[in-house]
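Summary of structural features
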Amino acid sequence: MKADPAPMEPVLFETDAPPSGAYDALLAELRRFTTGAVGAPDNRDFAILIPHPETGEPIGGLWAQSRWGGFHIDMLVVPESLRGQGIGSRLMQAAEAEARRRGCGHMWLDTYSFQARPFYERFGFAVFGELDGPAPIYPRFFMRKILD
């Protein structure tokens, strides 16, 4: 009778330039695990894009995702030439309206000290966590807003 072969030692590949599709492959494996543990994730992306007036390529906007009753704002970008015109406020208002449409109970995001904490506080976000580090970048604030 032949013995089972020993499992192969995995090869670990470090890179700062991962191949195309690597992120999606890891995410698919994570979602397989999650589905087995708690059921299918209900991840849904949401984006509002600001297109360049000539090329149509995105130059700003908001990127978010809803998952398990929460709405995470991953990125909010208003080009410098468009700041001060209320565009950031419009993006935040639209994101909150979408979070409510999706039945989310809270929204959350993170921002660094040199970014937009006071801006988010004007929309009812409050700090629930903080990571310290060297100035002028840190602290990093994790903020949330409970939706009624």
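Here goes a summary of the coordinates provided. Model, not experiment: these values are computed from the prediction.

Thresholds applied
Residues numbered from 1 in each chain as written. Predicted model: local features only at pLDDT ≥ 70, side-chain atom pairs only at ≥ 80, totals over all residues. Heavy atoms only, no water. Helix = DSSP H or I, 4+ residues; strand = E, 2+ residues; numbered from the N terminus. Rg over C-alpha atoms; globule rule 2.2 N^0.38 Å. Buried < 20%, exposed > 50% of the residue type's maximum accessible area, 1.4 Å probe, protein only. Contact = heavy atoms within 4.5 Å. Areas by Shrake-Rupley, 256 points an atom, 1.4 Å probe, with all protein chains shown as cover. Lys, Arg positive; Asp, Glu negative; His and termini not counted. Charge placed at Lys NZ, Arg CZ, Asp CG, Glu CD. 1 Å grid on protein atoms, 1.4 Å probe; cavity = no way out; pocket = protein on both sides within 12 Å on 5 of 7 lines; lining within 4 Å. Points joined across faces, edges and corners; volume = space filled by probe spheres on them.

Notes on the overall build of the chain
In terms of regular secondary structure, the chain is built from three helices and six strands. A compact globule built from 148 residues would reach a C-alpha radius of gyration of about 15 Å, whereas the chain, at 20 Å, exceeds it by more than 25%. Along the first, second and third principal axes, the C-alpha atoms of the chain reach 75 × 40 × 35 Å. Across the 148 residues that make up the chain, the buried fraction comes to 26%. Sequence-distant contacts, at least 24 apart, represent 49% of the contacts inside the chain between residues at least 6 apart. Of the roughly 10800 Å² that the chain leaves accessible, carbon and sulfur atoms contribute 57%. Of note, the chain has its 15 positive side-chain charges centred 8 Å away from the centre of its 19 negative side-chain charges.

Considerations on the layout of surface pockets
Considered as a void within the structure, the largest pocket measures approximately 500 Å³ in volume. Lining of the largest pocket is provided by 22 residues; of these, L76, V77, V78, A116 and Y120 occupy positions nearest its centre. Going through the elements one at a time, β3 (70-77), α2 (87-101), β4 (106-112) and α3 (117-121) are the ones with two or more residues in the lining of the largest pocket. Broken down by element, the residue count for the lining of the largest pocket peaks at five residues, all from β3.

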